[in-house]
Amino acid sequence: MRALIISDIHSNIEALHAVLAAAPAHDSVWNLGDIVGYAANPNEVIDVVRKLAAVSIRGNHDRACTSTAALEDFSPIADRAVQWTRKVLTREHQNWLADLPAGPLSPNGAEVSCVHGSPIDEDEYLVCTDDAVLALRAARARLTFFGHTHRQVGFAGNGEDTFSLGPIYSSEDEADQYELPLRGGFHYLLNPGSVGQPRDGDWRAAFAIYDQARALFTWHRVPYDLGTTQAEIRRAGLPDILADRLRDGR
Ligand code: ZN
């Protein structure tokens, strides 16, 4: 069983297309949420994801874009993107988003769990090993796949020590990959990175492949048509910074 794991697409259809074209063969697609918000193609992205993903869980932006409640925790920029997305989403897509489940979900038996933020709270950001210690203690599965931070990172713990993990790439503008063998005796928290708005200093679209039989997790990066995504964000009247930041992956 091989799963393609994607997260934080954020309405970036060009990045999603690039990921799907580059992804090696897989049996299932697991989507960790924040399908919409920030970029300019929420309806197109939902059309693709709902046909594709065996599992989709909701992110905080998916929740915000289908609610009329005030956005207490959102920055003014994120808030403008949410208001814009609410206006353009079709009714059918709003309903589909509103019905997405919160994590944790286990798409492949008890060994694997999918969440948006952390096993403790769907809105929690797992950033450092201190966060990971508590999350690993709360995780029911040996492998937890999470998103929300838009960074390709991981944490491994064996009950005594907790380590942070991350890919090392040899290029900055080409397709690249990094293999992480999953060791017995360790529990893992693994983030595939963000498809549509990376924030780990790498502009390329991010995703991961989990190969159960080989006990292997592989981080991937792939370039995409950044210029088109930026032009569509500007044409939609969304804040310029949402286009600018994509070049730097910040
Ligand atoms: Zn996000």
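Conventions and cut-offs
Residues numbered from 1 in each chain as written. Predicted model: local features only at pLDDT ≥ 70, side-chain atom pairs only at ≥ 80, totals over all residues. Heavy atoms only, no water. Pairing = 2+ DSSP bridges. Helix = DSSP H or I, 4+ residues; strand = E, 2+ residues; numbered from the N terminus. Axes fitted to C-alpha atoms, helices over the stretch in contact; angles between N-to-C directions. Buried < 20%, exposed > 50% of the residue type's maximum accessible area, 1.4 Å probe, protein only.

A. Spatial organisation of the sheet that holds strand β7 (residues 162-165). Reading across the sheet, the five strands line up as β4-β5-β9-β6-β7 and stay open at both edges, with mixed pairing between neighbours. Each end of this open sheet is capped by a strand with a single partner; those strands are β4 (112-114) and β7. Put simply, the sheet's adjacent strands are angled 15° from each other on average, direction ignored. Relative to β7, strand β6 (residues 154-157) runs antiparallel, the two being bridged by four bridges. In the strand pairing of β7, Ala-156 is matched with Phe-163.

B. Geometry of the pairing of strand β11 (residues 216-222). Most of β11 sits inside the fold, with seven of its seven residues counted as buried. Burial along β11 is two-sided: Leu-216, Thr-218, His-220 and Val-222 and Phe-217, Trp-219 and Arg-221, pointing in opposite directions, are all buried. The pairing of strand β8 (residues 176-181) with β11 spans six bridges and is classified as antiparallel. The partner of Gln-177 across the bridge, within β11, is His-220.

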